[in-house]
Amino acid sequence: FFKQKTAYEMLRSLVGSEMCIRDRLYMFYLGSLSTMQQDLSLYPVASDKAYMQIQYHEIESYYKVLEKIALAGYIGIETMKGNQYMKHGPNLKGNPTNAIGTGLGLGFDAEVSNSANVYVRGRWFDYKDKNNTFYTYKGFEGTIELRVYF
């Protein structure tokens, strides 16, 4: 449920900047507000017409340890709030979604060629819906991803 960019995605967007050339440590904030609704909207809907309103906030950091390898870490929080149509429980008569999730992650990014990177992540998460106790989980997630740029 948390979105992550790899260090090399960030580095590619910073190419040519003094920060990319001079620094080994990159820290930044990522935030998002999105909604799901029946009608097309180019911006988030801040009313009960939105079936679901989702926000996430993360602080990420990358530390370049070698020329082509960076350590990655992040901490994040996500909230999901549903309207009266987003109910859970027996026969959908429960309360609307009102969830919060937190996560901590570590990993590394490695450049394998000029057009391909691999990233490895381990993440702990805790996710709770205040209105629906059966929609609560926590644990660990592992990810390995190969990205090829064309």
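On a predicted model such as this, the values are computed, not experimentally measured, just so you know.

A.B. asks: Any details on the pattern of salt bridges? Residues and values, ideally.
C.D. replies: Scanning the model with the defined rule gives five salt bridges in all. Among the salt bridges present, the one from Arg123 reaches Glu141, with a minimum N-O distance of 2.8 Å. Note that Arg123 is positioned in strand β5 (residues 116-129) and Glu141 in strand β6 (residues 137-148), a separation of 18 residues in sequence. Between Arg147 and Glu145 there is a salt bridge; the shortest N-O distance is 2.3 Å.

A.B. asks: For the sheet that holds strand β2 (residues 50-66), give the residues involved together with the corresponding values.
C.D. replies: Sheet strands associate in pairs through backbone hydrogen bonding, adopting either a parallel or an antiparallel arrangement. Strand order in the open sheet formed by six strands is β1-β2-β3-β4-β5-β6, with antiparallel pairing between adjacent strands. Two strands close off the open sheet at either side, each with one partner strand: β1 (25-37) and β6. Each neighbouring strand pair of the sheet contributes to a mean axis angle of 15 degrees, computed without reference to strand direction.

A.B. asks: Run through the environment of Leu71, naming residues and quoting values.
C.D. replies: With respect to the secondary-structure elements, Leu71 resides in strand β3 (residues 69-82). Discounting chain neighbours no more than four positions away, the residues touching Leu71 are Ser61, Tyr62, Tyr63, Val65, Gly107 and Phe108.

A.B. asks: Which residues make up the nonpolar core, and what values do they have?
C.D. replies: Side chains of nonpolar character tend, in soluble globular proteins, to be buried together. Tyr26, Phe28, Leu30, Tyr56, Tyr62 and Ala72 together form the largest nonpolar core, which totals six residues. Secondary structure elements with two or more residues in this core: β1 and β2. With three residues, β1 is the largest single contributor of residues to this core. Counting five residues, the second-largest nonpolar core is a separate cluster that includes Met52, Ile54, Ala99 and Tyr127.

A.B. asks: Please provide a residue-by-residue account of a nonpolar patch on the surface, values included.
C.D. replies: Residues Leu25, Met27, Tyr29, Ile59, Tyr63, Leu71, Ile75, Leu104 and Phe108 make up a contiguous nonpolar surface patch of about 890 Å² in total accessible area. Residue assignment for the nonpolar patch shows that the elements contributing at least two residues are β1, β2, β3 and β4 (98-113). Accessibility expressed as a relative area gives 44% for Leu71, which makes it partly exposed.

Parameters and conventions
- Residues numbered from 1 in each chain as written.
- Predicted model: local features only at pLDDT ≥ 70, side-chain atom pairs only at ≥ 80, totals over all residues.
- Heavy atoms only, no water.
- Salt bridge = Lys/Arg side-chain N within 4 Å of Asp/Glu carboxyl O.
- Helix = DSSP H or I, 4+ residues; strand = E, 2+ residues; numbered from the N terminus.
- Pairing = 2+ DSSP bridges.
- Axes fitted to C-alpha atoms, helices over the stretch in contact; angles between N-to-C directions.
- Contact = heavy atoms within 4.5 Å.
- Core = buried A, V, L, I, M, F, W, Y, C linked by side-chain atoms within 4.5 Å.
- Buried < 20%, exposed > 50% of the residue type's maximum accessible area, 1.4 Å probe, protein only.
- Patch = residues over 30% accessible without salt bridge, like charges linked within 9 Å, V, L, I, M, F, W, Y side chains within 5 Å.
- Areas by Shrake-Rupley, 256 points an atom, 1.4 Å probe, with all protein chains shown as cover.

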